[in-house]
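Analysis of the macromolecular model
One-letter residues, chain by chain:
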Amino acid sequence: MRILRIVAAFLRAAILKETAYRAELVGNLFRSVINIAVAVGGLAVVFSHTSELSGWRLEQAMVLLGVYYLVQGVVQTALSPSLNEVVTEVRKGTFDYVLLKPVPSLLLSSTRRFVVWHIADVLLGGAIIAIGLIRLEAQITFGVAAIFAGVMVGGIAIVFSIWLALTTLVFWFVRVENITMIFQLFFDTGRYPVEIYPFWLRSLLTFVFPVAFITTVPAQTITGREPLVAIWLAPLIGALALLAAARFWRIGLSRYTSASS
Amino acid sequence: MIVRRATLAGALALTRAEVADMFQYRVVLFLYSLWEVVHPIVYLAVWGAIAGEGDVGGLRLSDFAAYYLTFMLVSHVTAAIEIYTFGPMIQQGELSPHLLRPMNPVWVAAARNISYKSVSMLLLIPVWIGLVIILRPAYSVTAGSVVLFLVALVIAALLSFLVGTTFALLAFWTTRSFSFWEIWMGLTFLLGGQVAPVELLPGFVQNLATALPMRYTLGFPIEVLLNRLDPGELALGFALQFAWLFAAALIVRAVWRAGIRQYSAVGA
């Protein structure tokens, strides 16, 4: 309960702070519209030569693209602002102040900041999913929606874990501002269904760096495609990834020695 | 365009200094170059999945491999980074000291561009050779196509630099020059030969891509190298590439002159 109150307070503070940058919403919305229009244009080019891509129809690929942007939006709204701050603070030594507060350091480090204007990607991603589903004339029962939600949460847990693990490296290497680029590198392969990749790359993207669970699997569940792997694996891997990342964070934290003397 | 000897010597010295500076950021540069590897691989996978054992518009899997492997190198050589290097200089008032030097600050941007590419190319090449071994592209190049490719590549790099500089110079007027740049990048993605080789674009979009400048910063050199164009298309392509280069040079000049007149540094 107390934890929820703290997170709510951060969220409220973030919204108050961000209302100072109202024009950012327009700017971000504009950028999101451009990005998504270009991506959909790309799909149109690809599907002008084929009616299905590794078994995916245009509308299904659109839903997948929507999931990609939705996750991207969540990352930029809620994950990257807080965790990027950790990197700066550890370098400057001001991470001390996080440790001194009577709140678990991991919670504080991962929920302090919200850049609410990036919600534009979440909204537009959702819109693309909706358009794809309407054009598919998909029958979304309550059960399917619930499974989709569960798989999405699992996917976002995986994203958070990867991001947290990369951030934790700061305790060893200090200068890691660009390390989260590694995430984006792999994540960009998730704009298309993982089935298009050759076997070795598909395995890498399913089991080592599980991008497949972030975009392909959620899109499969809601568009009624035969799932790539057992659906229940997604939340399970999400939970395991969270545990592993939290453990790694604690190991990293024990190495923190502040800066200067 | 006449360039004075002293300016050339200055540009050379600047480039040497920038290369030395750039070596500090090896790891970051390596990550950036990996970026240029990932995107072509995604689209190679897309087209490979569609082609399967057959072909798409006459292109087989090994042709797509040749196209997108060449793409990796070309997109690296022609990448415009001025929005990240030159734009912030204007925005943060760091342009002022450069204005006192007896040469145009655009040379600073050029020196940084060349040094970035030469250092990160050293890091990219080993990755690229590994990919060539894995993907086994079908390169059907001729001596003539290699020579024409090099010409097209140099013009593409110059054109791209001028376009990138133009967008960076918008920082004289707006803090949102990056949004305009993203529109350009989006158009390059669609029409420049990234999402698909231009020859695979549907009807009127292909004509649009042939007329607009994006293809001449990216896709055109690749098509030249891989002998995808007949003599007529080749001649038209080079004519348009030169025309756009000339136009871009005029635009950069005009934008620079207008911008510098109303430049005022930030800070006390």
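Position numbers for residues start from 1 in each chain and track the written sequence from start to end. Throughout, the order in which chains and ligands are written sets their labels, letters from A for the former and numbers from 1 for the latter. Only residues with pLDDT of at least 70 are given local features in this predicted model, and only at 80 or more are side-chain atom pairs given and counted; all residues enter the totals for whole chains, interfaces and linings.

1. Here's the deal with the overall build of chain B
Helix numbering and strand numbering both begin at the N terminus, where a helix is a DSSP run of H or I of at least 4 residues and a strand a DSSP run of E of at least 2. Of regular secondary structure, chain B possesses twelve helices and two strands. For chain B, the sequential pattern of α-helices and β-strands runs α-α-β-β-α-α-α-α-α-α-α-α-α-α. In terms of C-alpha radius of gyration, chain B reaches 19 Å, essentially the compact-globule figure of 18 Å for 268 residues. Taken along its principal axes, the extent of the C-alpha atoms in chain B is 65 × 40 × 35 Å. Every one of the 268 residues in chain B was classed for burial, and the buried ones make up 42%. Radius of gyration: over C-alpha atoms. The globule rule applied is 2.2 Å multiplied by the number of residues raised to the 0.38 power. Counting other C-beta atoms within 10 Å of a residue's C-beta gives its exposure: the residue is buried at 20 or more, exposed at 12 or fewer, and partly exposed in between, where C-beta atoms are placed from the backbone.

2. So, the nonpolar core
Take the buried Ala, Val, Leu, Ile, Met, Phe, Trp, Tyr and Cys residues, join any whose C-beta atoms are within 7 Å, and the set you get is a nonpolar core. Grouped together as the largest cluster of nonpolar side chains are 135 residues, with contacts concentrated most on Leu65(A), Val159(A), Val46(B), Tyr68(B), Ala156(B) and Leu159(B). In terms of residues, this core owes the most to one element, helix H3 (residues 58-92) of chain A, which gives 18 residues. Once C-beta atoms have been placed from the backbone, residue pairs whose C-beta atoms lie within 7 Å are recorded as contacts. In contact with Leu159(B), other than residues within four places in its own chain, are Pro213(B), Tyr216(B), Thr217(B), Trp244(B), Leu245(B) and Ala248(B).

3. Focus: the packing of H3(A) against helix H6 (residues 119-136) of chain A
Residue and element names in this part refer to chain A. Only the stretch in contact is used when fitting a helix axis, every axis being a line fitted to C-alpha atoms; angles between N-to-C directions are given from 0 to 180 degrees. Put simply, H3 and H6 touch, their axes get as near as 7 Å, and they point 165 degrees apart. As the angle between them shows, H3 and H6 are arranged roughly antiparallel. In the crossing of H3 with H6, the sense of the turn from one axis to the other is left-handed. Looking at the contact of H3 with H6, its residues break down into 15 nonpolar, nine polar and three charged. Angles below 35 degrees are treated as roughly parallel, those above 145 as roughly antiparallel, those between 65 and 115 as roughly perpendicular, and all remaining angles as oblique. Helix crossings are classified by the rotation of the near helix relative to the far one: an anticlockwise turn of less than a right angle makes the crossing left-handed, while a clockwise turn makes it right-handed. Amino acids are sorted into nonpolar (Ala, Val, Leu, Ile, Met, Phe, Trp, Tyr, Cys and Pro), charged (Asp, Glu, Lys and Arg) and polar (every other residue, Gly among them).

4. Quick notes on unusual backbone geometry
All names here are of chain B. Of note in this structure, Arg 136 is not a glycine but carries a positive phi near 45 degrees. For Arg 136, the position within the fold is in the loop between helix H7 (106-135) and helix H8 (143-169). Taking the number of C-beta atoms within 10 Å as the measure of exposure, Arg 136 has 13 and is therefore partly exposed.

5. Considering the packing of helix H7 (residues 142-168) of chain A against helix H12 (residues 233-253) of chain A
All names here are of chain A. Contact geometry for H7 and H12: axes closest at 8 Å, N-to-C directions at 20 degrees. Between H7 and H12, the angle is such that the two are roughly parallel. Taken as a pair, H7 and H12 cross one another with a handedness that is left-handed. Within the contact between the two elements, H7 uses Gly 150, Val 151, Val 153, Gly 154, Gly 155, Ala 157, Ile 158, Ser 161, Leu 164, Ala 165 and Thr 168 and H12 uses Ala 234, Pro 235, Ile 237, Gly 238, Ala 239, Ala 241, Leu 242, Ala 244, Ala 245, Phe 248, Trp 249 and Gly 252. Class assignment of the residues belonging to the contact of H7 with H12 gives a composition of 16 nonpolar, seven polar and no charged.

6. Thoughts on the environment of Ala157(A)
Residues and elements named next belong to chain A. Here Ala 157 is to be found in helix H7. Through-space distance from the C-alpha of Ala 157 to that of Ile 237 is 8.8 Å; in sequence the pair is 80 residues apart. Other than its neighbours up to four places away in sequence, Ala 157 contacts Gly 238, Ala 239, Ala 241 and Leu 242.

7. What to know about the interface of chain B and chain A
At the interface, 25 residues of chain B touch 25 residues of chain A. Elements supplying a minimum of two residues to the side of chain B that touches chain A: helix H2 (26-51) and helix H9 (177-191) of chain B. When residues in the side of chain B that touches chain A are grouped by element, the largest group, eleven residues, is from H2(B). Residue composition of the side of chain B that touches chain A, grouped by class: 19 nonpolar, four polar and two charged.

8. As for the confidence of the model for chain B
On a scale of 0 to 100, pLDDT captures the predictor's confidence in every residue. For chain B, mean pLDDT is 88; residues scoring 70 or higher make up 97% of the total. In the model output, the complex is listed with pTM 0.88 alongside ipTM 0.86.

9. A closer look at helix H2 (residues 22-47) of chain A
The end-to-end C-alpha distance of H2(A), which contains 26 residues, comes to 38 Å, matching closely the 38 Å that a straight helix rising 1.5 Å per residue would cover. The complete set of buried residues in H2(A) reads Asn28(A), Ser32(A), Asn35(A), Ile36(A), Ala39(A), Gly42(A), Leu43(A) and Val46(A). What a helix is expected to span follows from its residue count: subtract one and scale by 1.5 Å.

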